Amino acid sequence: MTVATAKAPKRATSDVKDLALAAKGKGRIEWAEGQMPVLREIRARFEKEKPLKGQRIAACLHVTTETANLMRTFVAGGAEVALCASNPLSTQDDNAASLVKDYGIATFAIRGEDSKTYYRHLNQALDLKPTMTLDDGADLVTVIHKERTELIKDLIASMEETTTGVLRLRAMAKDGALKIPVVSVNDAQTKFMFDNRYGTGQSTIDGIIRATNLLIAGRTVVIAGYGWCGRGVAQRARGLGAKVIVTEVEPIRALEATMDGFEVRPMADAARAADVIVTLTGNKGVVRREHFQSMKDGAIVANSGHFNVELDLEALAALAKTVKKGVRENVDQYVLKDGRSIFLIGEGRLVNLAAAEGHPAAVMDMSFATQALMAEWVVKNRGGLHVEVMNVPRDVEQWIARLKLSTMGVSIDDLTPEQRKYLEAWEEGT
Ligand SMILES: NC(=O)c1ccc[n+]([C@@H]2O[C@H](COP(=O)([O-])OP(=O)(O)OC[C@H]3O[C@@H](n4cnc5c(N)ncnc54)[C@H](O)[C@@H]3O)[C@@H](O)[C@H]2O)c1
């Protein structure tokens, strides 16, 4: 349904599934807010200081309740905001409805939207003529650089939320194609060490269990990629009693997985043993035709990396005699010509968002506190920004970590003056 936004400026319209879902969404947004004390504190300060006054922010993020609270924080800071989805299957329609109806935020996102609608929504968010963009996978930046170059002149900076987006942006910078300053929020320790590891770790397992109701104990779970996300999923699967096999292409990560006590094997071997396979590499074609061909009857396949290209879904479809859609919610059964079945969760899209609610709010509190503070930071520093992919300043990360600790009731020691001197002076240390 296309609707005019309540309280929104006249240009902005929204495209969400059904405004009648708003009440449920509002309750869930408020629940997430309760788990996000750091972001709440930033929002309270933004209300008073309005550091984003006059800014227009276009955001392409997973349209979850945590994202809703980030959008509210930007609005509290004085910004005008337009939001679209960063994945066709991650939108929570009740949440999108509430953003429009209860918070007056222009939102363009419908769960399950086709590719044409997805790109229309990106462009509708960009019609805001943003001074700042936020991406989870670099889609807005890509559209701006390829099709909407007229927007570049007004852009102070863009912020990137995920590993795959940062890889794309660094490639653009290397080729000289990047035309705006970009902050890699993903590379902040307050983001990747917690969101990618604990957030993806828990929610990926949550998505698999919600979709299949599988008993994880005693199963062989194959994790492709032992990065921050893969480590998290491997730890959680082991915690539930799975036998975990890791596949890697990078020797140091493979060594780390081995010393963390996981079995490491090539995918050709691992696929044969797997009851469940999850990809988290940011790469393509990680599970291919030959792997599908060797899987056990009943193997479950999911992806939690940014794009579904981690799985060669065309090869899987070509191997299938029949595809039974929705044998359970979010599960499709591929019946192969020899009678074996492979079950695919969430069409190979991010399983934690397609089949569960994405990361728990308490971990997104830190990622989105980083986003909110960096939005303020780029406005303050706009005169001195270079066209490059830059990191989040250390003091911003430390402020967030300290506040998060205090909201969790955890205190730490301070360096004494003697200790500080000892650590900083080269003459010390005898
Ligand atoms: N599901 C989510 O909510 C969520 C959250 C954060 C990040 N992500 C996405 O997850 C992916 C991984 O993110 P990360 O932060 O762990 O990245 P990372 O760079 O830390 O780890 C990726 C790992 O995959 C390995 N790898 C690459 N190709 C491989 C292959 N063919 N086989 C096996 N291993 C391979 C790399 O060597 C690396 O160790 C990215 O696409 C990222 O955008 C998803």
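Reading the values: rules and limits
Residues numbered from 1 in each chain as written. Predicted model: local features only at pLDDT ≥ 70, side-chain atom pairs only at ≥ 80, totals over all residues. Heavy atoms only, no water. 1 Å grid on protein atoms, 1.4 Å probe; cavity = no way out; pocket = protein on both sides within 12 Å on 5 of 7 lines; lining within 4 Å. Points joined across faces, edges and corners; volume = space filled by probe spheres on them. Helix = DSSP H or I, 4+ residues; strand = E, 2+ residues; numbered from the N terminus. Nonpolar A, V, L, I, M, F, W, Y, C, P; charged D, E, K, R; others polar. Buried < 20%, exposed > 50% of the residue type's maximum accessible area, 1.4 Å probe, protein only. Contact = heavy atoms within 4.5 Å. Disulfide = S-S within 2.5 Å. Pairing = 2+ DSSP bridges. Right-handed = clockwise from strand over helix to strand, strands pointing away. Axes fitted to C-alpha atoms, helices over the stretch in contact; angles between N-to-C directions. Left-handed = near helix turned anticlockwise from the far one by under 90°. Core = buried A, V, L, I, M, F, W, Y, C linked by side-chain atoms within 4.5 Å. Salt bridge = Lys/Arg side-chain N within 4 Å of Asp/Glu carboxyl O. Patch = residues over 30% accessible without salt bridge, like charges linked within 9 Å, V, L, I, M, F, W, Y side chains within 5 Å. Areas by Shrake-Rupley, 256 points an atom, 1.4 Å probe, with all protein chains shown as cover. Polar contact = N/O pair within 3.5 Å; in protein donor to acceptor, adjacent residues only side chain to side chain.

S.K.: Explanation requested: empty space enclosed by the protein in the structure shown.
M.R.: Over the atoms rolls a probe the size of a water molecule, and its path tells where empty space is left. Tallied over the entire structure, the rule returns one cavity of 30 Å³ or more. When its volume is computed, the largest cavity comes out at roughly 30 Å³. In this structure, the largest cavity is lined by Glu33, Met36, Leu39, Arg40, Arg43, Asn69 and Thr73. Elements that contribute at least two residues to the lining of the largest cavity include exactly helix H2 (37-49) and helix H3 (65-76). Among the elements that take part in the lining of the largest cavity, H2 stands out by supplying three residues, more than any other. Its residues assigned to classes, the lining of the largest cavity shows two nonpolar, two polar and three charged.

S.K.: Help me understand the environment of Gly218, please; the structure alone is not making it clear to me.
M.R.: Residue position: Gly218 is located in the loop between helix H8 (189-212) and strand S9 (220-224). Given the relative accessible area of 64%, Gly218 is considered exposed. Linking Gly218 and Glu248, residues 30 residues apart in sequence, is a C-alpha distance of 23 Å. With residues near it in sequence (within four places) discarded, Gly218 still touches Gly241 and Ala242.

S.K.: Just checking my understanding: could you explain the state of the cysteines for this structure?
M.R.: Two cysteines joined by a covalent bond between their sulfur atoms form a disulfide. Counted under the stated rule, the structure contains zero disulfides. Distance from the sulfur of Cys60, which forms no disulfide, to the nearest cysteine sulfur (Cys84) is 3.9 Å. The structure places no disulfide on Cys229, whose sulfur is separated from the nearest cysteine sulfur, that of Cys60, by 18 Å.

S.K.: What is the right way to look at the pairing of strand S7 (residues 157-160) in this model?
M.R.: Consecutive side chains of a regular strand alternate in pointing toward one face of the sheet and then the other. Alternating positions in S7 separate into two faces, Ala157 and Met159 on one and Ser158 and Glu160 on the other, with burial throughout. Bridge count for strand S6 (residues 132-135) against S7 is four bridges, and the pairing is parallel. Residue pairing across strands places Thr133 opposite Ser158, the latter belonging to S7. Regarding topology, helix H6 (residues 139-146) serves as the crossover connection from S6 to the parallel S7, and that connection is right-handed. As defined by bridge partners, S7 adjoins strand S8 (residues 182-184) across three bridges and the pair is classed as parallel.

S.K.: Can you walk me through the packing of helix H15 (residues 361-380) against helix H16 (residues 394-407) in this structure?
M.R.: Relative orientation and spacing of two packed helices are given, respectively, by the angle between their axes and the distance between those axes. Where H15 contacts H16, the axes come no closer than 10 Å and their chain directions differ by 145°. As for how H15 packs across H16, the hand of that crossing is right-handed. Residues Ala362, Asp365, Met366, Ala369, Thr370, Leu373 and Met374 of H15 lie in contact with H16, whose contacting residues are Val396, Trp399, Ile400 and Lys404. When grouped by side-chain class, the residues that make up the contact of H15 with H16 number eight nonpolar, one polar and two charged.

S.K.: Mind showing me how you'd approach the nonpolar core here?
M.R.: As a rule of thumb, soluble globular proteins bury nonpolar side chains together. Leu70, Met71 and Phe74 are the most contacted members of the largest nonpolar core, which has 56 residues in total. Core analysis: the next-biggest nonpolar cluster, separate from the first, contains 26 residues, Ile216, Cys229, Val233 and Val244 among them.

S.K.: Looking at this structure, how should I read the pattern of salt bridges?
M.R.: A side chain with one charge may pair with a side chain of the opposite charge, provided their charged atoms come close. If you walk through the whole model with that rule in mind, you get 27 salt bridges. In this structure, Asp275 and Lys296 form a salt bridge, with 3.0 Å as the shortest nitrogen-oxygen distance. Here the residue Asp275 occupies a position in the loop between helix H11 (267-273) and strand S12 (276-279), and Lys296 occupies one in the loop between helix H12 (289-294) and strand S13 (299-303), the gap between them amounting to 21 residues. A salt bridge links Glu376 to Lys380; its shortest N-O distance comes to 3.9 Å. Taken as a pair, Glu376 and Lys380 lie in helix H15 at a separation of four residues, close to a single helical turn. On the accessibility criterion, Glu376 (8% relative accessible area) is buried. Through salt bridges that share partners, Arg28, Asp94, Asp206, Arg210 and Glu357 make up one connected network.

S.K.: Even after reading the chapter, I still don't get the pairing of strand S16 (residues 341-345), so can you show me in this structure?
M.R.: Burial analysis of S16 places four of its five residues in the buried class, the great majority of the element. The pairing of S13 with S16 spans three bridges and is parallel. Residue pairing in the sheet places Ile300 in a bridge with Phe343 of S16. Sheet topology note: the strand S15 (residues 331-336)/S16 ladder contains five bridges and is antiparallel. Residue pairing for S16: Val335 is matched across the bridge by Ser341.

S.K.: Looking at this structure, how should I read the sheet that holds S9?
M.R.: Hydrogen bonds between backbone groups are what pair the strands of a sheet, and the pairing can be parallel or antiparallel. An order of S11-S10-S9-S12-S13-S16-S15-S14 is seen for the eight strands of this open sheet, with the pairing classed as mixed. Strands at the two margins of the open sheet, each flanked by one partner only, are strand S11 (263-264) and strand S14 (320-328). Contacting S9 and strand S10 (243-247), helix H9 (residues 228-239) crosses the sheet at an angle of about 170° to S9.

S.K.: Is there a simple way to explain a nonpolar patch on the surface in this structure?
M.R.: Taken together, the side chains of Met408, Val410 and Ile412 present a nonpolar region at the surface, about 300 Å² in accessible area. You can see Val410 is positioned in the loop between H16 and helix H17 (417-424).

S.K.: How should helix H10 (residues 251-259) be read in this particular structure?
M.R.: The α-helix winds at 3.6 residues per turn, so residues separated by three or four positions along the chain end up facing the same way. Its side-chain oxygen 3.1 Å from the backbone nitrogen of Ile252, Glu250 forms the N-cap of H10. Looking one or two places after H10, you find Gly261, whose phi comes out positive at around 95°.

S.K.: Sorry if this is basic, but what is going on with the side chain of Thr133 here?
M.R.: The topology assignment puts Thr133 in strand S6. One polar contact links Thr133 to Ser158, side chain to side chain, over a distance of 2.8 Å. The residues touching Thr133, leaving out its near neighbours within four places in the chain, are Ala58, Leu126, Leu140, Val141, Ile144, Leu155, Ala157, Ser158 and Met159.

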